[in-house]
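# Architecture at a glance
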Amino acid sequence: MPSKSLHLVLLTALALLAFAGNSLLTRAALAGGGIRPDSFAAIRLGAGAVMLLAIGLGQGLTLRPRSPDIPAIVALFIYAAAFSRAYVSLGAATGALILFTSVQLTIIVGGLASGANLNQRQAFGIVIALGGLAWLLAPGLATPPLGASALMTAAGIAWGVYTLIGRGSGAAIARTARNFIGTIPLALVLVAMAGLDGTPTAIMLAVASGAITSALGYVIWYSVLPSLSAVTAASLQLLVPVITALGSLIWLHEPLTATLAGASLLILAGVALTLRRS
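Model, not experiment: these values are computed from the prediction.

Definitions and cut-offs
Residues numbered from 1 in each chain as written. Predicted model: local features only at pLDDT ≥ 70, side-chain atom pairs only at ≥ 80, totals over all residues. Heavy atoms only, no water. Phe/Tyr/Trp six-rings, centres within 6.5 Å; stacked < 30°, edge-to-face > 60°. Helix = DSSP H or I, 4+ residues; strand = E, 2+ residues; numbered from the N terminus. Buried < 20%, exposed > 50% of the residue type's maximum accessible area, 1.4 Å probe, protein only. Lys NZ or Arg CZ within 6 Å of the ring centre and 35° of its normal. Contact = heavy atoms within 4.5 Å. Salt bridge = Lys/Arg side-chain N within 4 Å of Asp/Glu carboxyl O. Core = buried A, V, L, I, M, F, W, Y, C linked by side-chain atoms within 4.5 Å.

## As for the packing of aromatic side chains
With the rule as written, the count across this model stands at 11 aromatic pairs. On the numbers, 5.0 Å between centres and 80° between planes, the contact of F83 with Y87 is edge-to-face. Highlighted residues: F83 and Y87, both in helix α3 (residues 70-89), separated by 4 residues, approximately one helical turn. Across the pair, exposure class does not vary: F83 and Y87 are buried alike. Its guanidinium or amino end placed over the ring of Y222, R175 lies 3.8 Å from that ring's centre, counting from NZ or CZ.

Here you go:
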């Protein structure tokens, strides 16, 4: 494998690991009721902004948000706020299924609308991968609350839009920093409305989610997106629930089941079909 291709693979893998890590941190903080969702979202966005501000200033970048950044800023804020609120009522499996289904459909529809081609093999691969994802998460699909489901759908659509916006431009660090910094006024509105609370552990998880798995993860993801088609980007993100499930097995001590193993293999097979060029 050429060094450039290997570099792309490694960066993409790091981004996917960051996304999975972000889900694990968020679940760990909110599951025990140690922090309110709006507080978690505000701390997450603030920590991400501080991290990216430090990196950007160190590189002499222009970090003041501009009017062209507004759509991405709004999408990022909606994603973070809706994601945190939805996971208060939704089970982890149900929330992940709704989120990633919404993300993939948004990215694929956006890619097709911009002229991307989806051949039969790729379509078949996506169907297989989504089927594996549904199989993996189906045990948690017991009558999810309508309001929380709508919130998670909004989070998925917002993240899909954020991803599509990021595909069309460079300067990943500067752009991501401007986006996070631009969410600060919106995050302050959340704090003003709901207050700021949290146990020390939950606050530390929120900071890690914002500074490491969100800010740095998004920078990496933005840097590889221009090299990926919309369909490929959508398919690769289907791996995140699998990685998250494995992380939950190790960190949260959830049991390894035949469903987890089988569905993971099905998702990987579907992604492999989608990524093949011929």
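## Overview of the environment of A47
As for its placement among the helices and strands, A47 is situated in helix α2 (residues 37-58). When its relative accessible area of 14% is taken as the criterion, A47 is described as buried. With 161 residues separating them in the primary sequence, A47 and A208 have C-alpha atoms 7.8 Å apart. Once you skip the residues sitting within four places of it in the chain, A47 turns out to touch V207, G210 and A211.

## Side note on the side chain of N22
Looking at the secondary structure, you find N22 in helix α1 (residues 3-31). By relative accessible area, N22 is classed as buried at 3%. The contact partners of N22, leaving out residues within four places of it in the chain, are R44, Y79, S209, T213 and S214.

## Quick look at the pattern of salt bridges
All chains considered together, the criterion is met by 4 salt bridges. As a salt-bridge pair, D69 and R66 come within 4.0 Å of each other at their nearest N and O atoms. For R178, the salt bridge is made with D69, and the minimal N-O distance between the two is 2.7 Å. Of this pair, R178 sits in helix α7 (residues 172-182) while D69 is found in the loop between α2 and α3, placing the two residues 109 residues apart along the sequence. Judged by its relative accessible area of 8%, R178 is buried. Shared partners join several salt bridges into a network, and the residues in it are R66, D69 and R178.

## Considering the nonpolar core
Y79, M152 and W221 are the most contacted members of the largest nonpolar core, which has 75 residues in total. Element by element, the count of residues in this core is highest for α3, at 11 residues. With near-sequence residues (within four places) excluded, Y79 lies in contact with N22, R44, L99, A155, A158, W159 and Y218.

In short, geometric facts, not functional conclusions.
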